[in-house]
Amino acid sequence: MASIYNRKSDSSVSRRPRGSASSSRDRSDPSDYRVIPGGRSGLSSRASRAARPARSGYDSVRVGDVARNERMMRAQERSRAFVLRIGAVAAAIAVLMAAFFVLRSSSVFSIDQVSVVGVEHLTADDMAKLANVPAGSTLLDVDAAAIEARIRRNAWVSGVSVSSRFPHTLEISVTERTVSAVVEVPASDAKSVKQWAISSDHIWLMPIPEKGSAGASTTSSKVYEDADAALHITDVPFGTKAEIGQKCTDSNVLNALDIVGGMTTELAGKVKTVSAAGEEETTLILDDGIEIAFGKAEGIRDKERVVLKIIEENQGKVSYINVRSVSSPTWRALS
C-alpha cells in the first residue's frame, strides 16, 4: 500500500550538497513525519503545533456563561453597596451616641422648669415633694420612670406621665381620683368621728382636716369644695378602719356606695346622706328630708321605681318610705 507524506514546502528547505556540514540540520527531520494507517499522514504533535495558525484573540463562550457572569457581577456590586450602607449607618450611630453622652450632662438641656397639669387636690408643695426632681438634672438624663413611680404612690393619683418639652421644661401630667363620698369614721376612742374622703373606686384618699385648723392651711381648697358637694355616709359602726391609699373593705360603707352608684334615675342626685349602721339598716336621706329605708344594694332599679312613684303620687306628703322588701313597700306621711 502506498504511503502519503505531508511535507514542508520546498521553499522552506534549502538544497545543499550531500555531505555538507549543515545538510543534516537543514533537511527536514524525519521525526516531523509520521505514517497514518489507511493512507493518511500527519505532522507529529510538535510539528502540528508549529503549523497550527495563531488564534485571533476571540474565543467562543456559551450564552449561559455570560448571563451567569453578569449575575455574579451584579451580586457583587449589591454586596459592596450593602456593606457601604451598613458602614455609613454604623458611623452615624456612633456620632449620635457620642453627641448624646456629651449633651446628656451638659447645661444645654438642663431642667429649668417643671410644669404640672391635671392637679386640683394636690398642692404645688405636694407635687414638688412627690416628683423630687434631682438638682442638676437634664432632660436627657432625668429618670422619668422613677418620678412617675413616686407620684403614683399618692392616693389621689390614678395615672401619671412624665415627658420632656425641649429645651428646658419637664412636664408632669396627672389624672386624679374624684371624691365619691365623705365617710364619718369613728375615732379610736369612739367619742368622735373623722371625715374621710373616699374615691369612686373605693380608695381611702385622706382624712379631711377641720376648717381653720393647721392642717387645713396645707390642704387644697378643692378638697373642701368636693367634700361639701359629695355624698355623706354616717353612722358607720365602730371599728371601721380607713388608711390612705388602701381600698375600703367595710361592707356597710361599700353597700351605701353601691346603692347610690347603681341608681339610674334622678333619685341619685337627690340623695345627700346615707346612714350605714348595717347593710339591712341602710337608709337614704334625700335633699328634701325624705328618709328611704333601702336595705341591701339589691334590686336597685325596682326600688328606685317604687320610691319615685310613691313620691309622685303623694307630692309634699311623704316623710318616710320603706322599700327593703320591694314587693311590699310602705310609706309614712308627714305628721
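Bear in mind the structure is a predicted one, so any value in this text is a computation, not a measurement.

### Remarks on the pattern of salt bridges
Move 1: If you walk through the whole model with that rule in mind, you get six salt bridges.
Move 2: For the salt bridge of K211 with D228, the shortest nitrogen-to-oxygen distance reads 3.4 Å. One end of the pair, K211, is in the loop between β8 (204–207) and α6 (221–229); the other, D228, is in helix α6, and 17 residues separate them in sequence.
Move 3: The shortest N-O distance in the salt bridge between K222 and D226 comes to 3.4 Å.

### Description of the environment of V162
Move 1: Mapped onto the fold, V162 is located in strand β4 (residues 157–165).
Move 2: Taking relative accessible area as the criterion, V162 reaches 13% and is therefore assigned buried.
Move 3: Linking V162 and I147, residues 15 residues apart in sequence, is a C-alpha distance of 7.5 Å.
Move 4: Look past the residues within four positions of V162 in its chain and what remains in contact with it is A144, I147, E148, L170, E171 and I172.

### A look at the sheet that holds strand β5 (residues 169–176)
Move 1: Pairing is mixed in the open sheet, where three strands are placed in the order β3-β5-β4. Across the chains shown, the open sheet's two edge strands, defined by having one partner strand only, are β3 (113–117) and β4. Each adjacent strand pair in this sheet contributes to an overall mean axis angle of 20°, direction not counted.
Move 2: Note that β4 and β5 share eight bridges and pair antiparallel. Residue S163 lies in a different strand from β5, and its bridge partner there is E171.

### Here's the deal with the confidence of the model for the protein chain
Move 1: On average, residues of the protein chain score 84 in pLDDT, and 78% of them are at 70 or above.
Move 2: Ignoring residues within four places in sequence, the model shows residues 1–28, a span with pLDDT below 50, making 20 contacts including any to other chains.

### Overview of the packing of aromatic side chains
Move 1: This structure, assessed with the given rule, holds two aromatic pairs.
Move 2: Judged by centre distance (5.1 Å) and plane angle (85°), the rings of F109 and F166 are edge-to-face. Taken together, the positions of F109 in the loop between α3 (63–103) and β3 and F166 in the loop between β4 and β5 put the pair 57 residues apart, joining distant regions of the chain.
Move 3: Between W196 and W204 the ring centres are 5.9 Å apart and the planes differ by 75°, which places this aromatic pair in the edge-to-face class.

### Some thoughts on the pairing of strand β13 (residues 318–322)
Move 1: Within β13, four of the five residues are buried, which leaves the element mostly enclosed by the surrounding structure.
Move 2: As judged from the three bridges shared by strand β12 (residues 291–293) and β13, these two strands associate in the parallel manner. When the sheet's bridge partners are listed, A293 is paired in β13 with N322.
Move 3: Handedness of the β-α-β unit built from β12, helix α9 (residues 300–313) and β13 comes out left-handed.
Move 4: Two elements, β13 and strand β14 (residues 330–333), share four bridges in a ladder whose sense is antiparallel. Looking across to β14, one finds that I321 is bridged to W331.

### Examining unusual backbone geometry
Move 1: Put simply, F166 and P167 share a cis peptide bond, and its omega is 15°.
Move 2: Take P167: it is sitting in the loop between β4 and β5.
Move 3: A positive phi angle, near 50°, is found at N132, a position not held by glycine.
Move 4: Even without being glycine, D235 reaches a positive phi, approximately 60°.
Move 5: Among the secondary structure elements, D235 is positioned in the loop between β9 (231–234) and α7 (251–261).
Move 6: Taking the relative accessible area as the measure of exposure, D235 reaches 45% and is therefore partly exposed.

Cut-off values and rules
- Residues numbered from 1 in each chain as written.
- Predicted model: local features only at pLDDT ≥ 70, side-chain atom pairs only at ≥ 80, totals over all residues.
- Heavy atoms only, no water.
- Salt bridge = Lys/Arg side-chain N within 4 Å of Asp/Glu carboxyl O.
- Helix = DSSP H or I, 4+ residues; strand = E, 2+ residues; numbered from the N terminus.
- Buried < 20%, exposed > 50% of the residue type's maximum accessible area, 1.4 Å probe, protein only.
- Contact = heavy atoms within 4.5 Å.
- Pairing = 2+ DSSP bridges.
- Axes fitted to C-alpha atoms, helices over the stretch in contact; angles between N-to-C directions.
- pLDDT = per-residue confidence, 0-100.
- Phe/Tyr/Trp six-rings, centres within 6.5 Å; stacked < 30°, edge-to-face > 60°.
- Right-handed = clockwise from strand over helix to strand, strands pointing away.

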